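# Tertiary structure, described
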Amino acid sequence: MLRFSRVIVACGVLLALACGKKEVRHAPPVSNYSYAQLDGAVVTNMTLDLNVDFDHKRIDGVAALDIDNPHGATKLYLDTWAMRILKVARDDPGTSEKTGKKAATPWTLGDSLPLIGRPLVVDITPDTRHVVVRYQTGADARGLQWLDPEQTAMRDKPYLYTQSESILARSWIPCQDTPAVRFTYSARVHVPAGLMALMSARNPRSVHPDGVYTFTMPQSIPSYLLALAVGDIEYRPISRRCGVYAEPNRVNDALWEFIDMEKMVETAEKLYGPYRWGQFDVLVLPPAFPYGGMENPRLTFLTPVLLAGDRSLVSTVAHELAHSWSGNLVTMADWDDFWLNEGFTTYFERRITEALYGRDIAEMEAVLGYKELLDEIKAAGPGSKDTALHIPLDGRDPDQVLGIAPYEKGYLFLRMLEGTVGRKRFDTFLRKYFDTFSFQPMTTGRFLKYMKSELLDNNEELAATLKLHDWAYEGGLPDNAPRPESARFARVEEEAKRFTRGAPASDLDTGQWTSMEWQQFLAQFGTLETAQMADLDTAFHFTKRNGEIQRSWYLLCITSQYEPDYPLMEKYLVRIGRRWLIRPIYTRLCETKDGRRRALRIYRRARPGYHSITRDTIDKIVDWKAANRRN
Ligand code: BES
Ligand code: ZN
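What this report covers is the structure whose coordinates are included nearby.

Calculation rules
Residues numbered from 1 in each chain as written. Chains lettered and ligands numbered in written order. Predicted model: local features only at pLDDT ≥ 70, side-chain atom pairs only at ≥ 80, totals over all residues. Heavy atoms only, no water. Salt bridge = Lys/Arg side-chain N within 4 Å of Asp/Glu carboxyl O. Helix = DSSP H or I, 4+ residues; strand = E, 2+ residues; numbered from the N terminus. Buried < 20%, exposed > 50% of the residue type's maximum accessible area, 1.4 Å probe, protein only. Pairing = 2+ DSSP bridges. Core = buried A, V, L, I, M, F, W, Y, C linked by side-chain atoms within 4.5 Å. Contact = heavy atoms within 4.5 Å.

## Points about the pattern of salt bridges
Under the counting rule described, the total for this entry stands at 36 salt bridges. The partner of K432 in a salt bridge is E454, and the shortest N-O contact between them spans 3.0 Å. Within this pair, whereas K432 is found in helix α10 (residues 423-436), its partner E454 is found in helix α11 (residues 444-455), the two being separated by 22 residues in sequence. Given the relative accessible area of 42%, K432 is considered partly exposed. Given the relative accessible area of 27%, E454 is considered partly exposed. By sharing partners, the salt bridges in this structure join E354, R359, E363, R415, E418 and R423 into a single network.

Laid out in structure tokens, this is it:
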């Protein structure tokens, strides 16, 4: 860890010299995404006191930081975003015993950079071990979404949730916002009476009438796993260590939908070792949540779209659970190595799915992912390194640049390795990898080195035939990439052909089709006649199916200009903020004649309810700026 961070610092200094920068107001950031100095003072523990003020949509916070400072640095660097700093104090050994008080200490907020915000630079001494920051979150704190009662299922009380990944934690807590720094934390959170507060920590199970909650997270985590949710929330246990949180009118549905959670944890443990976080609970959020799921430790956040009523979308829970090993235990050192989190997790997710629900189910998911990957590689264009495993982000916004490649190319890479050495050996290797590097940052280079020595006996010739370098550092897919195939999809494609040739929808053999088979079915058609669309609609009621099937249906509605379902599509786009579901719909609308005008009209209604992450993405698709300049 130390050696690794020194290398980064050295590179940063060299880079600054090479660029011929004359004046650096503060030491340059060691990463493109954080002002933290990994070789300087690092935060090891946080004690938070947060007051959640719904009236002003603001958190008033005190962050008491314990620091480790092995090389005697005299500045502490923290990341902040749109945050008001009220007071900074420090507590040097000896002084507090004498005065019983922490002494105010000089600090500055550096210039603001568009993506990464402002460094909070605090004067410390080589002996300082505690720094306390009093602050208020800003009106545009990007990691917070404040929801009005109408945006919740109960429509009665307001709701707040955080999304810290990738670099948004700094907007609600001053911290060293890089995945290479880990710390433990505890918190006291004050919320309006009647609401429940939950964190990525040991959680309450009932509402505290006084609105005061305390939390502890004894295992060290990176800042992107800091999480808080406040709302009208209830708990239902599934097992001793698993359960669901949701709004009162959703919580029983959630219990039914996710009843397999305990079995998932047991399956995961059999594969890659003990679950290390104690509790595995999920929280079902309101529909504005921009992701399918977020792996906040002890408390995965989920979109309510997963409440399909038929357990058809539970693989997302398996995915977030898998992060408890890949990501939360062994963590990418920086955002360029995102595949170390998501590729491993996609592989692990499908192994859980295979063990619990069968190989054909896991294989269908792999084929759908493969198709998305090929589309992304094509869109990136030849020569683009944005579809390499290690993505040279170069300061671009991770939330806008990182796509499907880290997930699906990462998955194929691990599947290729599995195929090369055999499943048994690969599983032993992965288990050892998680054990060896738990609670540590990992880079692509370090992983490849470890893998070569553990799996390939340092056989450089073999490494060359496996094209490790191409996989890791070049875009596209090397020719030794496995190609997932599904016999069940072959039958679906057959039925789709029969329909195109004139068979009525009611004649199709769709018996026990899963969500994936329906998606594959709908993806077979370019454009259909209005009568064909109506036939499908009446036979299969796609607008009433789960959110993923609806997405495929609305995409087909747009290319086929099938007007009758546009009002329901609009409702879907206004209600749901999950980016992966709605982005392709806006994109396709903007590709059709008159579609952009329709997209803009819908977006004008939907935008206020979306999370800033979703807004940033859709703004670009519909060219929101230009649209507002003209009007
Ligand atoms: N950690 C991600 C979500 C994320 C990625 C947040 C990048 C911020 C930046 C989470 O584990 C994830 O991958 N979610 C997927 C679900 C999944 C089943 C692939 C999603 O939201 O679609
Ligand atoms: Zn993930």
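Next comes the rest of the account.
## Things to note about the sheet that holds strand β4 (residues 83-91)
Hydrogen bonds between backbone groups are what pair the strands of a sheet, and the pairing can be parallel or antiparallel. With mixed pairing, the 7 strands of this open sheet are ordered in space as β5-β4-β8-β2-β1-β11-β13. Every other strand in the sheet has two partners, leaving β5 (103-104) and β13 (212-222) as the edge strands with one partner each.

## Focus on the nonpolar core
Proteins that are soluble and globular tend to have nonpolar side chains buried together. Core analysis: the biggest nonpolar cluster contains 150 residues, and Y185, F258, F413, Y433 and F447 have the highest contact counts within it. Apart from residues lying up to four places away in sequence, F258 is in contact with I238, V244, V282, V284, L302, L306, L307, V314 and V317. One finds L536, I549, L573 and Y586 within the second-largest nonpolar core, a separate group that totals 45 residues.

## Brief notes about the environment of L307
Locating L307 in the fold gives a position in the loop between β19 (299-302) and α5 (315-322). L307 sits in the buried class, given a relative accessible area of 18%. Sequence separation between L307 and D127 is 180 residues; the distance between their C-alpha atoms is 52 Å. Setting aside chain neighbours within four positions, we find L307 in contact with R250, D253, A254, E257, F258 and V284.

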